Amino acid sequence: MARKALIVKMQKPQKYAVRYRNRCKLCGRPRAYMRKFGLCRICFRQLALQGKLPGVTKASW
């Protein structure tokens with residue numbers, strides 16, 4: 001998980017737009033971020049399986 005210091009640091013307004021890093025709203029993870037939902041892949045999967053994300057269904061093979 002992300003360190004608290006990095007999360008707080010990234011919440012401050014950045015001097016340059018390039019420094020901005022998207023983070024998961026639930027856990028703060030910076031990688032595997034999905035813009036449409038604002039979540040990382042791990043949190044997305046957990047919420048989708050619980051049925052808490054409207055319009056998301058599990059693909060069947």
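Above this text sits the structure in question.
Residues numbered from 1 in each chain as written. Predicted model: local features only at pLDDT ≥ 70, side-chain atom pairs only at ≥ 80, totals over all residues. Heavy atoms only, no water.

Novice: I would appreciate a short explanation of the side chain of Arg23 in the present structure.
Specialist: In this structure, Arg23 sits in the loop between α1 (4–11) and β1 (33–34). By relative accessible area, which is 17% here, Arg23 ends up buried. In this structure the side chain of Arg23 is engaged in a polar contact, spanning 2.7 Å, whose partner is the backbone oxygen of Gly28. (Helix = DSSP H or I, 4+ residues; strand = E, 2+ residues; numbered from the N terminus. Buried < 20%, exposed > 50% of the residue type's maximum accessible area, 1.4 Å probe, protein only. Polar contact = N/O pair within 3.5 Å; in protein donor to acceptor, adjacent residues only side chain to side chain.)

Novice: Explain the environment of Lys25 here, please?
Specialist: With respect to the element layout, Lys25 can be found in the loop between α1 and β1. Here Lys25 falls in the exposed class, since its relative accessible area comes to 67%. Sequence separation of Lys25 and Leu39 is 14 residues, and the distance between their C-alpha atoms is 5.9 Å.

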